[in-house]
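Working through the structure, step by step
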Number of protein chains: 2
Amino acid sequence: MDNDMKAQGTMQKKIKIVRFDRNDQIAREDWVAREFPLTIILNGQELATLLCSPKDLKYLAAGFLFSEGFIETKEEITEMILDRQRGVVKVQTRGGKELTQASFLKRVITTGCGRAIAFYNPADIDGVQEVDSDVRLSPLNVFNLTKEFQRRSAVYRATGGVHSAALCDTEDIVIFAEDIGRHNAVDKIFGKCLLEDISTSDRIVITSGRISSEILFKVAKRQIPVIISKSAPTDLGVIVAQDLRITLIGFTRGKRMNVYAGEWRLQS
Amino acid sequence: MDNDMKAQGTMQKKIKIVRFDRNDQIAREDWVAREFPLTIILNGQELATLLCSPKDLKYLAAGFLFSEGFIETKEEITEMILDRQRGVVKVQTRGGKELTQASFLKRVITTGCGRAIAFYNPADIDGVQEVDSDVRLSPLNVFNLTKEFQRRSAVYRATGGVHSAALCDTEDIVIFAEDIGRHNAVDKIFGKCLLEDISTSDRIVITSGRISSEILFKVAKRQIPVIISKSAPTDLGVIVAQDLRITLIGFTRGKRMNVYAGEWRLQS
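Let me begin by describing the structure that accompanies this report. Keep in mind the model is a prediction, meaning the values are calculated, not measured.

Before going further, it helps to spend a moment on the overall build of chain A. Counting secondary structure elements, chain A contains 8 helices and 12 strands. Partitioning the intrachain contacts of chain A with sequence separation of at least 6 by distance along the chain shows that 52% fall at a separation of at least 24. Carbon and sulfur atoms provide 45% of the accessible area of chain A, an area that totals close to 10700 Å².

Attention now moves to the nonpolar core. One broad trend across soluble globular proteins is that nonpolar side chains are buried collectively. Among the nonpolar cores identified, the biggest contains 33 residues, and Ile189(B), Val219(B), Ile227(B), Ile246(B), Leu248(B) and Tyr260(B) are the most heavily contacted of them. Put simply, the parts of the chain that give this core at least two residues each are strand S1 (12-21) of chain A together with strand S7 (163-168), strand S8 (173-179), helix H6 (182-195), helix H7 (213-221), helix H8 (235-243), strand S11 (247-253) and strand S12 (256-261) of chain B. Sequence-distant contacts of Ile246(B), defined by excluding residues within four places in its chain, comprise Val131(B), Leu216(B), Val219(B), Ala220(B), Ile224(B), Pro225(B), Val226(B), Ile227(B), Ala241(B), Ala261(B), Gly262(B) and Arg265(B). Core analysis: the next-biggest nonpolar cluster, separate from the first, contains 31 residues, Val128(A), Ile175(A), Ile224(A) and Tyr260(A) among them.

With that out of the way, let us pick up the packing of helix H2 (residues 57-67) of chain B against H6(B). Residues and elements named next belong to chain B. Taken N-terminus to C-terminus, the directions of H2 and H6 make an angle of 95 degrees; their axes are 6 Å apart at the nearest point. Judged by the angle between their axes, H2 and H6 are roughly perpendicular. From H2, Lys58, Tyr59, Leu60, Ala62, Gly63, Phe64, Phe66 and Ser67 reach across to H6, where they touch Asn184, Asp187, Lys188, Phe190, Gly191, Lys192, Leu194 and Leu195. Here the residues of the contact of H2 with H6 are counted per class, giving 8 nonpolar, 4 polar and 4 charged.

What you tend to see is this: most non-glycine residues have negative phi, and most peptide bonds are trans. Residues and elements named next belong to chain B. Positive phi values are uncommon outside glycine, yet Gln223 reaches one of about 55 degrees. Looking at where Gln223 falls in the secondary structure, it is placed in the loop between H7 and strand S10 (226-229). For Gln223, a relative accessible area of 25% puts it in the partly exposed group. Here Phe251, not a glycine, exhibits a phi torsion of approximately 50 degrees, which is positive. One can find Phe251 in strand S11.

Parameters at a glance
Residues numbered from 1 in each chain as written. Chains lettered and ligands numbered in written order. Predicted model: local features only at pLDDT ≥ 70, side-chain atom pairs only at ≥ 80, totals over all residues. Heavy atoms only, no water. Helix = DSSP H or I, 4+ residues; strand = E, 2+ residues; numbered from the N terminus. Contact = heavy atoms within 4.5 Å. Areas by Shrake-Rupley, 256 points an atom, 1.4 Å probe, with all protein chains shown as cover. Core = buried A, V, L, I, M, F, W, Y, C linked by side-chain atoms within 4.5 Å. Buried < 20%, exposed > 50% of the residue type's maximum accessible area, 1.4 Å probe, protein only. Axes fitted to C-alpha atoms, helices over the stretch in contact; angles between N-to-C directions. Parallel < 35°, antiparallel > 145°, perpendicular 65-115°, else oblique. Nonpolar A, V, L, I, M, F, W, Y, C, P; charged D, E, K, R; others polar.

Spelled out as structure tokens, the structure:
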């Protein structure tokens, strides 16, 4: 385990704690997840500060800008400079959108776990449309992918504080990312796809987090046809999945799973 | 169990799913957590849309306005009208702060699970100071409170998608709230305290969620001396707890727990 831990050095930190077991007290060390504030400056304007795990920060910035509608392609980014010491990433875009859009501000002011869509109305959601994909997968594909996903979620198991996300085809994990925020983990995946020209077409997203409407909109923007989680969806998440023709699978446990939408993509 | 479920009717909904067990498919009904967009209009201006569980909405609005620094006391609220159909709560405040404060906008633009504090610097945090409380508690107090807290987290157990939060004294739970967002659950508790003149002095907060710096700032604003979670804190959460003299207890499991800060408040 100690070797695994070293590999994850940037994501977690050893601190001193006092463990109580009934009335016994033991001073010892334990791992906790790191929480790092990353400020995104877009075309000279402070856009957002993300509380995140300090790994894959450029992917996170690119994915965030994509998810929030500030960029569509890698070519729009003319410069990206990460200052890890100061926790700042400066991004310049070509003909880029600016923070002055009141609609952006309104949309992201939210609470709880993630960003808000004011009311669910597909026509309002910039660039989101039904997912058009003929991909099919078997229950066994889902069980195998979930098993491999759990195996790789090492930081989560060690510190109990980190979410994971993965981009997969029906057989294998293509990209894997971890972050203290479930939205960040998904943004890191899509940011890597954007910056490294990795296709998301006909691919599958696995997330360790709850599936709410916001995550559905995020994967729909990349035309992802299948989303899988060991957690539960919300009712609004299910409605959005049905409307956008996304296969939504939750509560994957061993050889069991619940399919909440788009079950026609499952074939034995 | 069906009676429990009826009592939670506003928080969850029965939907049709397909359950796969190995290769067997069974069409059945299952419960999912509801996700409700609540827009807060403060003094005629749209302030935020919270994605939340549709229960205790006035408490949520009041708690959110307090946590974000728009109100300090109940008396500042001159009117609060909830339109449940439209998902809107209109709040009028006396001499109230307005959305034009750029600092508010910058502060809450964030990702992942919650709102961001740009950089950790106590002097920057409006109204947050060291918690001054002589309260002491025993490990047994913590184990008993945690046990009762778990017992009451009924919606979470049924749907796997809801967070809980509670305000306690050393012996009993005083207020209990649930929400799909861990920040919302805590805001509901503090909103109820505000609107119903319930003291938070020398009291304890239990949350089902991860303890990040944001939650620490939120409880510090109410001078809460102890926070407990079955989940893990982040490193920044631990630093903030130490600096603000808050006792931070995580990973409570049965008769075991980890104390990350302020262990002097624990006495057998």
